[in-house]
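A structural walkthrough
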Amino acid sequence: MNFNRPERSHMSVDKATVARIAHLARIGVAEEQLRPLAAELSGILQWIEQLNEVDTDAVAPMASVHDEALRWRKDVVDDGGKQAEIIANAPDGVNGFFAVPKVIE
Amino acid sequence: MAELTELGISEARDLLAKGALSSRELTESHISAMAESSALNAMVTETPEIALAMADASDERRAKGGSGALEGIPLAIKDLFCTKGVLTTAGSHILDGFRPPYESTVTANLWQAGAVMLGKTNMDEFAMGSSNETSYYGAVQNPWRRHGDNRALVPGGSSGGSATAVSGRFAMGATATDTGGSIRQPASFTGTVGCKPTYGRCSRWGVVAFASSLDQAGPITRSVRDNAIMLGAMAGYDPKDATSANVALPDFEAALTGDARGLKIGVPKEYVLDGMPGEIEALWQRGIGWLRAAGAEIIDISLPHTKYALPTYYIVAPAEASSNLARYDGVRFGLRMPGDDLTEMYENTRAAGFGPEVRRRVLIGTYVLSAGYYDAYYLKAQKVRRLIAQDFRDVFASVDAILTPSTPSAAFAFGDKADDPIAMYLNDVFTVPANLAGLPGISLPAGLSDDGLPLGLQVLAPAFDEETMFRVAGLLEEAAAFNEAPTQWWRSR
């Protein structure tokens, strides 16, 4: 087996793409970090692109090795009444609720 | 009696049963060894008071005639398992102060079997890493050092703290998790035995999720027998995990028959790497020789899609991680960084709370799942995953188990690979395929490198056939007669 690694000849991910996916992932990334991140992600994605060598036209995707159908269970409430326990770890819990910055003007 | 921390689980079990030893004595000796281990940084949280209370309760149960499979045995718990009321960090800043209001199924099973909790072990952040250098709580040091060389080495990862606690003789066993090699690789680097059972064998309920279709819990111990005992106590069907397998739980210890007759062992040609150190190849050949001498038949096999396992993994795992880690939003638990509005609060919290490797993987995962790239990356990887799983299905029609090296090298020094993500990812080249295919695998120490570091061999078996995996591992363990241990240079005595 050989792990030939591609030359980092082109950037498959640019700064704008990093900014876009960082926003989708809700991770703040400072402007000066965008370029180094683009280079890192491009390197990883170029290495990943060797998968294109594999002919998968007739192959069904596999989401999990678990091939059983999901089990049914009785549609009953079997747990609950734990508001205080659930709120206990919240950075900002108010009157039994999770509090967040104002969303609606 | 020799130091109690040198005892294996099965030896301690027998002494406890005879009344020659109490759990209190055994636990106290491990608590003091743990307290002297701070130079290794293997523990995020030590819980000596809980340990002593559990040990006393165990001694009381035993006095009344009750006894579980791990009655009175002190264990360390990877900080990825939720433990009720005890800080659970996943090695991440973003889980600051999180005290779960519930207990994971695996740890609940262990306490039900009588085990004692020593504390929570350090790990790569969210189990993303192969060196334990990504932990918010600092890197763990490998108890082992090269001959004549004092440089600190990595213990492997992500279960580096668990492997170190067991190798360093301050826990008799430790829970761990393995998404791409996170049990077997650190076990190989620390001279311990680490098993990732079949996907679905241990419940994932209450284990902080990384990549849900790959994550699986398993034990790290110092012998194959101890591993079989501990896995038996961890495993079992759990209705709270939709992917938990409702299958019979065999007596894994009984599988250690020492009998190789009739065994067919596959040796995959694709696991010969260009540039692999000669000592890894030599170790593998020794393992093949041991099994042949014991009476097994050795068969050359081919797993043609092996080279695509790592790139497949580095799409599937980050994709699942980007989804799983969406829950860390600064609202329900852990760290919150203020922001002018809700979105800014999310972005500030996640920027401050995630380290560079976690951020890298969440971004890769978000990218491969995003519109326009989903088919080219994620769907492609899912298709190649099926081919990799099919490779194993094909060869298991003609062999009972597969023998490979556990890792392509011995433990390396800090910083050696930290700046090159792909070099770090290549550590898991021999372990990742079993996660993609959901198969059980075990790493056991089989020899030392030229400079005195432990090297592991890996045994893979068909799904839900951990018995054959343990049987083959037991044969290798007996032939290898590995009884090296790190000098306990870190202890202040």
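Cut-offs and rules
- Residues numbered from 1 in each chain as written.
- Chains lettered and ligands numbered in written order.
- Predicted model: local features only at pLDDT ≥ 70, side-chain atom pairs only at ≥ 80, totals over all residues.
- Heavy atoms only, no water.
- Helix = DSSP H or I, 4+ residues; strand = E, 2+ residues; numbered from the N terminus.
- Buried < 20%, exposed > 50% of the residue type's maximum accessible area, 1.4 Å probe, protein only.
- Areas by Shrake-Rupley, 256 points an atom, 1.4 Å probe, with all protein chains shown as cover.
- Lys, Arg positive; Asp, Glu negative; His and termini not counted.
- Charge placed at Lys NZ, Arg CZ, Asp CG, Glu CD.
- Contact = heavy atoms within 4.5 Å.
- Core = buried A, V, L, I, M, F, W, Y, C linked by side-chain atoms within 4.5 Å.
- Phe/Tyr/Trp six-rings, centres within 6.5 Å; stacked < 30°, edge-to-face > 60°.
- Salt bridge = Lys/Arg side-chain N within 4 Å of Asp/Glu carboxyl O.
- Polar contact = N/O pair within 3.5 Å; in protein donor to acceptor, adjacent residues only side chain to side chain.
- Nonpolar A, V, L, I, M, F, W, Y, C, P; charged D, E, K, R; others polar.
- Pairing = 2+ DSSP bridges.
- Right-handed = clockwise from strand over helix to strand, strands pointing away.
- Axes fitted to C-alpha atoms, helices over the stretch in contact; angles between N-to-C directions.
- Parallel < 35°, antiparallel > 145°, perpendicular 65-115°, else oblique.
- pLDDT = per-residue confidence, 0-100.
- Disulfide = S-S within 2.5 Å.

What follows concerns the overall build of chain B. Along its length, chain B carries 15 helices and 11 strands. Along the first, second and third principal axes, the C-alpha set of chain B runs to 65 × 55 × 50 Å. In chain B, which comprises 493 residues, the proportion classed as buried is 67%. When the accessible area of chain B is evaluated, it comes to approximately 15,500 Å², of which 49% is carbon and sulfur surface. Chain B carries 43 positive and 57 negative side-chain charges, and their two centres are separated by 3 Å.

The subject of this paragraph is the overall build of chain A. Looking only at helices and strands, chain A has three helices and two strands in total. Sequence-ordered secondary structure for chain A, helices as α and strands as β, is α-α-α-β-β. Considering only contacts within chain A whose residues lie at least 6 apart along the sequence, 50% involve residues at least 24 apart. Working note: accessible area of chain A is about 7,300 Å², and carbon and sulfur atoms make up 53% of it.

Let's shift gears to the nonpolar core. L70, L110, F126, F392 and F470 of chain B are the most contacted members of the largest nonpolar core, which totals 159 residues. Ignoring anything within four residues of it in the chain, the contact list for F392 of chain B reads Y271, L303, I402, P433, A437, L439 and L460 of chain B.

Attention shifts here to the packing of aromatic side chains. All names here are of chain B. Tallying each qualifying case throughout the model produces 21 aromatic pairs over all chains. Seen from their ring centres, Y271 and F430 are 5.4 Å apart, and the 15 degrees between their planes marks the pair as stacked. Here the residue Y271 occupies a position in the loop between strand 7 (264-268) and helix 8 (278-294), and F430 occupies one in the loop between helix 13 (421-425) and helix 14 (432-437), the gap between them amounting to 159 residues. F430 shares its class with Y271; the two are buried. A connected cluster of aromatic rings, assembled from ring pairs, spans F98, F126, Y328, F333 and F354.

Counting residues at the interface gives 55 residues for chain A and 74 residues for chain B. Between E53 of chain A and K307 of chain B there is a salt bridge, with the nearest N and O atoms lying 3.7 Å from each other. One can count 21 residue pairs in polar contact (both at pLDDT 80 or more) joining chain A with chain B. Looking at the side of chain A that touches chain B, the elements that each hand over two or more residues are helix 1 (15-24), helix 2 (31-48) and helix 3 (83-87) of chain A. Ranked by residue count, the leading element in the side of chain A that touches chain B is helix 2 of chain A, at nine residues. Its residues placed into classes, the side of chain A that touches chain B shows 32 nonpolar, 13 polar and 10 charged.

The next point concerns the pairing of strand 2 (residues 74-78) of chain B. One face of the sheet, then the other: side chains in a regular strand alternate in exactly this way. All names here are of chain B. The element strand 2 is largely enclosed, with a buried count of five among its five residues. Across the two faces of strand 2 the burial is the same, with P74, A76 and K78 and L75 and I77 all buried. As defined by bridge partners, strand 2 adjoins strand 3 (residues 116-121) across five bridges and the pair is classed as parallel. The residue of strand 3 that forms the bridge with P74 is V116. Read from strand 2 through helix 4 (residues 105-112) to strand 3, the crossover connection turns out right-handed.

Residue and element names in this part refer to chain B. Of all six residues making up strand 3, six are buried, and the element is well covered by its neighbours. Where strand 1 (residues 43-46) meets strand 3, three bridges bridge the pair, whose relative direction is antiparallel. Counted as the bridge partner of E46 is G119 from strand 3.

All names here are of chain B. Packing of helix 7 (residues 224-234) against helix 15 (residues 466-480) brings their axes to within 9 Å, and their N-to-C directions diverge by 160 degrees. The orientation of helix 7 relative to helix 15 falls into the category roughly antiparallel. Two secondary-structure elements touch here, helix 7 through V224, R225, N227, A228 and L231 and helix 15 through E466, F470, A473, G474 and E477. Each residue belonging to the contact of helix 7 with helix 15 can be placed in one class, and the counts come to five nonpolar, two polar and three charged.

Residue and element names in this part refer to chain A. The predicted model of chain A averages 88 in pLDDT, with 90% of residues at 70 or higher. The element-level mean pLDDT for chain A is lowest in strand 1 (residues 93-94), coming to 88, with helix 1 highest at 97. In this model, residues 2-9 is a region of pLDDT below 50 whose contacts with residues beyond four sequence positions or in other chains number 18 contacts.

All names here are of chain B. On inspection of all chains with the given rule, the structure shows zero disulfides over all chains. As a non-bridged cysteine, C82 has C202 as the owner of its nearest cysteine sulfur, 16 Å distant. Its sulfur unpaired, C202 is 7.8 Å from the next cysteine sulfur, which belongs to C195.

In this section: the environment of A282 of chain B. Residues and elements named next belong to chain B. Structurally, A282 is set in helix 8. For A282, a relative accessible area of 34% puts it in the partly exposed group. With 242 residues separating them along the chain, A282 and L40 place their C-alpha atoms 31 Å apart.

With that settled, consider the side chain of R201 of chain B. All names here are of chain B. For R201, the position within the fold is in the loop between strand 5 (193-196) and strand 6 (216-221). A distance of 3.2 Å separates a polar atom in the side chain of R201 from the backbone oxygen of A248. Leaving out residues up to four positions away in the same chain, R201 has contacts with Q216, A235, G236, V247, A248, L249, P250, F252, F464 and E466.

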